[in-house]
Structure formats: structure tokens, C-alpha cells
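As a plain string of letters, each chain reads:
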Amino acid sequence: VEIKNRVVLAPMAGVCNSAFRLTVKEFGAGLVCAEMVSDKGIVYNNEKTLNMLYVDEREKPLSLQIFGGDRKSLVEAAKVVDKQTNADIIDINMGCPVPKVTKCDAGARWLLDPDKIYEMVAAVVDAEKPPLRVLFGSLFGRPAPELVRQAYDRRLTEWAAWEDLSARAHGR
């Protein structure tokens with residue numbers, strides 16, 4: 001995915017709807033991100049959730065962010081985003097500390113288990129091979145880049161083959 005500059009609109013819940021993303025794009029953002037969407041909401045065809053997947057062509061390139069704690073539903077949600085939207089990137093959230101997200105074993109909860117990071121990202125990549133990013137934070141007294149590095153080091157050969165995978169930190 002070609003991005004014209006390094007100005008990126010971070011995904012913000014309740015803020016990053018299509019109208020806001022278009023406004024930010026008009027001010028020169030190279031990439032805009034939609035707010036995070038629940039894998040369960042996508043899989044269960046929740047109307048409000050599915051409306052959040054709307055992408056106006058003028059927003060592109062755009063990243064749609066999903067979150068979830070169950071491998072099967074995360075993969076299914078990624079398939080829906082990949083096949084039924086015109087998003088350029090699928091962003092997997094593993095940085096949100098909000099209890100609503102962490103209680104379902106998603107978001108920053110993954111940072112407690114580098115094997116889970118690998119398992120979940122590998123499942124999505126193996127199923128879809130979309131341009132994929134992971135979003136992480138720094139929580140639970142351990143720096144997230146260290147945890148991502150542990151997951152990466154454990155599977156270095158395989159991860160090196162994932163040409164369209166990138167990671168980014170979203171500081172709080």
C-alpha cells in the first residue's frame with residue numbers, strides 16, 4: 001500500500017467515522033484509520049457494526065481496525081473486511097486497555113501472552129494474507145515492543161515471510 005506521507009490519523013473510538021476521516025484526508029493525511037470494530041459484531045452481522053465498515057473511495061488509503069480474543073471469529077471478521085470492504089489495510093488491535101475490550105481476551109490483554117500474539121496474527125495471515133498491521137501499547141508494566149519482539153523471535157523464519165505485516169506503537 002502506497003502512502004503519500006507519514007501523517008496518519010490514529011483510530012479513535014467514537015470519532016473516526018467516514019465524515020471525520022474525509023476531513024482529515026482533505027487536510028493532507030497520508031493514511032486514515034477507522035475506529036476499531038468488534039470481530040463478534042462483524043461475524044454476527046450487527047447492523048451498527050457493519051455500518052462502521054463503510055469506506056468512501058476518497059478516504060483511501062484506509063486501514064480498518066478489528067479486535068477480538070477468539071481466533072475463529074477474528075479470522076472470520078478479517079475475511080469479511082478483506083472481501084466485503086474496500087479497506088487497504090486490516091489493523092489488528094492489541095493495545096486497547098479498556099475493560100470492555102480486555103475482558104473478552106482482546107486488545108492489550110494479548111500483551112500478557114506473546115504466544116497469543118503469534119497465534120492470532122498467524123491465523124489471520126494464513127487465512128487471508130491481507131496487508132496487515134498490529135497496533136500495540138505499553139501496559140501491564142512491560143513494554144509492548146518487547147512482547148511483540150518475543151513473539152517475532154519465536155517465529156522469525158515464518159514472520160519474515162509475511163511481507164505485508166507491519167507493527168506500530170500507539171502511545172497513550
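Residues numbered from 1 in each chain as written. Predicted model: local features only at pLDDT ≥ 70, side-chain atom pairs only at ≥ 80, totals over all residues. Heavy atoms only, no water.

A. Molecular detail of helix α4 (residues 71–84). Under the 1.5 Å per step criterion, the end-to-end length of α4 is 20 Å for 14 residues, consistent within 8% with the ideal 20 Å. Of all the positions in α4, only S73, L74, V75, A77, A78, V80 and V81 are classed as buried. (Helix = DSSP H or I, 4+ residues; strand = E, 2+ residues; numbered from the N terminus. Expected span 1.5 Å × (residues − 1). Buried < 20%, exposed > 50% of the residue type's maximum accessible area, 1.4 Å probe, protein only.)

B. Representation of the nonpolar core in the model. I42, L53, L64, I66, L74, V81 and W110 are the most contacted members of the largest nonpolar core, which has 31 residues in total. Setting aside chain neighbours within four positions, we find L53 in contact with V37, I42, L64, V80, V81 and T85. Judged by nonpolar contacts, the second largest core, of five residues, contains F67, C96, V101 and A106. (Core = buried A, V, L, I, M, F, W, Y, C linked by side-chain atoms within 4.5 Å. Contact = heavy atoms within 4.5 Å.)

C. The arrangement of the pattern of salt bridges in detail. A complete count under the given rule lists nine salt bridges for this structure. Residue D88 is joined to K60 by a salt bridge in which the shortest nitrogen-to-oxygen separation is 2.8 Å. With D88 in the loop between α4 and β5 (89–94) and K60 in the loop between α3 (47–51) and β4 (62–67), this residue pair connects regions lying 28 residues apart in the sequence. Among the residues examined, K60 registers a relative accessible area of 24% and is labelled partly exposed. A salt bridge links R71 to E119, with the nearest nitrogen and oxygen atoms 3.6 Å apart. Placement of the pair is R71 in helix α4 and E119 in helix α6 (residues 114–128), with a sequence separation of 48 residues. (Salt bridge = Lys/Arg side-chain N within 4 Å of Asp/Glu carboxyl O.)

D. Region of interest: the layout of surface pockets. Here the largest pocket is characterised by a volume of approximately 350 Å³. Lining the largest pocket are 15 residues, and of these M36, V37, S38, F67 and K100 sit closest to its centre. (1 Å grid on protein atoms, 1.4 Å probe; cavity = no way out; pocket = protein on both sides within 12 Å on 5 of 7 lines; lining within 4 Å. Points joined across faces, edges and corners; volume = space filled by probe spheres on them.)

E. Looking closely at unusual backbone geometry. Residue K60 is joined to P61 through a cis peptide bond whose omega torsion reads 0°. Following the sequence through the fold, P61 ends up in the loop between α3 and β4. Phi is positive for N45, which is not a glycine, with a value near 55°. Mapped onto the secondary structure, N45 falls in the loop between α2 (39–43) and α3. Judged by its relative accessible area of 56%, N45 is exposed.

F. A look at the state of the cysteines. Summed over all chains, the structure comprises zero disulfides. Looking at C33, it has no disulfide partner, and the nearest cysteine sulfur is the one in C16, 7.5 Å off. C33 gets classed as buried once you look at its relative accessible area, which sits at 1%. Not part of a disulfide, C104 finds its nearest cysteine sulfur in C96, a span of 9.5 Å. Residue classification places C104 among the partly exposed residues on the basis of a relative accessible area of 37%. (Disulfide = S-S within 2.5 Å.)

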